Amino acid sequence: MGRRHRLVENPEGKPWIATTAEGYGCDLFWPCLDFPAGEPAKVDLHITVPKGLSAPSNGVLQKVDTLPDGRTTWHWHARSPNPYSVVLNVAPYVEIKGIYKSRFGGTIPLYYWHLPGREVKAKGLFAEFAPTLDFFEANVGPYPWSDEKLGVVETPHLGMEHQTINAYGNNYAKDATGFDWLFQHELAHEWFGNQMSAANWDDYWLHEGYAQYMQPLYGRWREGEARYAVMMEKFRNQIENKAPIVSGRIMTEEEVYEEEKGGPGGDIYVKGAWVLHTLRNTIGDKAFWEVTRWLVYGRPDPKPGNFQPRFATTPEYIAIVNQVTGKDMAWFFHVYLYQAALPELIETREGDRLTLHWKTPGNRPFPLPVEVQIDDKVETVAMTGGTGSIAVPAEAHVIVDPASRILKRSEAVEAAQREPRRSE
């Protein structure tokens, strides 16, 4: 997402100021420990702005003091913000507000601060707040900051998960999904990033992979499997596999996000989402969401007041999956997370027998079951030892992994990625 400070003019010619500091570092504009685990317990912000300007920020607004010369000082109080999530936003904002009746009882304040002159589009985006929040509460669990607010502010950069004041700069773009992916993605980070924070930049696939996966899951929640499949295919075609998405060591932000420094870059988003897609299809929806709640809240039965912000690591996540499923699934993550190359499924069909074999980097164990469609019937092939076989009539039409439930090597995707991009 956007990570630069900018000062530009809004349509009224008044200042429009925003900060966003993931990557370049929160210590650019406030004294902080610039590392994921450096969250302060509490933050108080006192922001003084010229007359006619607003300063929405993190947490709960305590008061606004008006000074003799017409300037105003905005006092905000926030708990446990991610270091890079503490922000300044200044503009002649128009405020839209409402409330959401939570599935877990009580109400959550909703706020959107937008530029003047954009009321119609702003109201359209604000109308997405409640249904999107309902999706997260229904599937993940309670909104973690219900005692503060769900806040969004229009910014001159694309977006960022600034806790309770998410930056939105997608210019109200519409696509066939019927919802704003940027708003939905940043809101996902209130769970995957702000409530559950990675202990190390190396674990940031837990932020970005999960937040990315929430868009197609929301598409599925709204419209069903066809929408989900279309959105997942788009992500699949962007996976590059140049570096593992987890290295197993302490990393800097640049070492993770920047491919030129050897990092996985965008794969922590799209490959991370496909790893989760494959995991969900392997262990089932019920277990997947239970794993997710353990990750986010540290417990399977979250309710307002019974959880606190927490840090998580990839090894802990693997342990959670093992605990929930009752199986040792370390093999799954050792291939998908700690190796760059994808597992390759080798198909051999001789006579009335189809044999499947998983080829993995370093020949690591990978007993991932595979669905096979034989004419109109779908069967699951156990892949004990990484190999399995099934009887198929010689004249049968066979499709391996017919629902694309598994992330695996695709020569077709690789060939398409090698093609030079044509200008539109």
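Quick notes on the rules
Residues numbered from 1 in each chain as written. Predicted model: local features only at pLDDT ≥ 70, side-chain atom pairs only at ≥ 80, totals over all residues. Heavy atoms only, no water. Helix = DSSP H or I, 4+ residues; strand = E, 2+ residues; numbered from the N terminus. Rg over C-alpha atoms; globule rule 2.2 N^0.38 Å. Buried < 20%, exposed > 50% of the residue type's maximum accessible area, 1.4 Å probe, protein only. Areas by Shrake-Rupley, 256 points an atom, 1.4 Å probe, with all protein chains shown as cover. Lys, Arg positive; Asp, Glu negative; His and termini not counted. Charge placed at Lys NZ, Arg CZ, Asp CG, Glu CD. Axes fitted to C-alpha atoms, helices over the stretch in contact; angles between N-to-C directions. Parallel < 35°, antiparallel > 145°, perpendicular 65-115°, else oblique. Left-handed = near helix turned anticlockwise from the far one by under 90°. Contact = heavy atoms within 4.5 Å. Nonpolar A, V, L, I, M, F, W, Y, C, P; charged D, E, K, R; others polar. Core = buried A, V, L, I, M, F, W, Y, C linked by side-chain atoms within 4.5 Å. Salt bridge = Lys/Arg side-chain N within 4 Å of Asp/Glu carboxyl O.

## Brief notes about the overall build of the protein
Along its length, the protein carries 11 helices and 19 strands. Taken over the C-alpha trace, the protein has a radius of gyration of 23 Å; the compact-globule value for 424 residues is 22 Å, and the two agree within 12%. Along the first, second and third principal axes, the C-alpha set of the protein runs to 90 × 45 × 45 Å. The burial tally for the protein puts 53% of its 424 residues in the buried class. As presented, the protein carries roughly 18,500 Å² of accessible surface, and 52% of it is formed by carbon and sulfur atoms. Between the averaged position of the 44 positive side-chain charges in the protein and that of its 55 negative side-chain charges there is a distance of 3 Å.

## Here's the deal with the packing of helix 5 (residues 225–236) against helix 7 (residues 267–283)
Where helix 5 contacts helix 7, the axes come no closer than 9 Å and their chain directions differ by 135°. The orientation of helix 5 relative to helix 7 falls into the category oblique. Crossing of helix 5 against helix 7: the hand is left-handed. For the pair helix 5 and helix 7, contact is made by Tyr228, Met232, Phe235 and Arg236 and by Val270, Ala273, Trp274, His277 and Arg280, respectively. Looking at side-chain class alone, the contact of helix 5 with helix 7 contains six nonpolar, one polar and two charged residues.

## Re the environment of glutamine 323
The topology assignment puts glutamine 323 in helix 9 (residues 314–325). The exposure class assigned to glutamine 323 is partly exposed, which follows from its relative accessible area of 48%. Spatially, the C-alpha atom of glutamine 323 lies 42 Å from that of tyrosine 172, the residues being 151 residues apart in sequence.

## As for the nonpolar core
Tyr112, Trp191, Met214 and Tyr317 are the most contacted members of the largest nonpolar core, which has 101 residues in total. With sequence-adjacent residues up to four places away left out, tyrosine 112 is seen in contact with Val94, Glu95, Ile96, Ala122, Leu125, Phe126, Phe129, Val152, Val153, Glu154, Tyr168 and Tyr172. Grouped together as the second largest cluster of nonpolar side chains are 21 residues, Trp16, Trp76, Val86 and Val153 included.

## Looking at the pattern of salt bridges
When the charged atoms of two side chains with opposite charge come close together, those side chains can pair. In total, this model carries 19 salt bridges according to the counting rule given. Lysine 63 serves as the salt-bridge partner of aspartate 65, at 3.6 Å between the closest nitrogen and oxygen. Accessibility expressed as a relative area gives 32% for aspartate 65, which makes it partly exposed. A salt bridge links arginine 299 to aspartate 301; the nearest nitrogen and oxygen atoms lie 2.7 Å apart. Residue arginine 299 is classed as partly exposed on the basis of its relative accessible area of 26%. Residue classification places aspartate 301 among the partly exposed positions, given a relative accessible area of 34%. It is possible to trace a salt-bridge network through shared partners that takes in Arg220, Glu225, Arg280 and Asp285.

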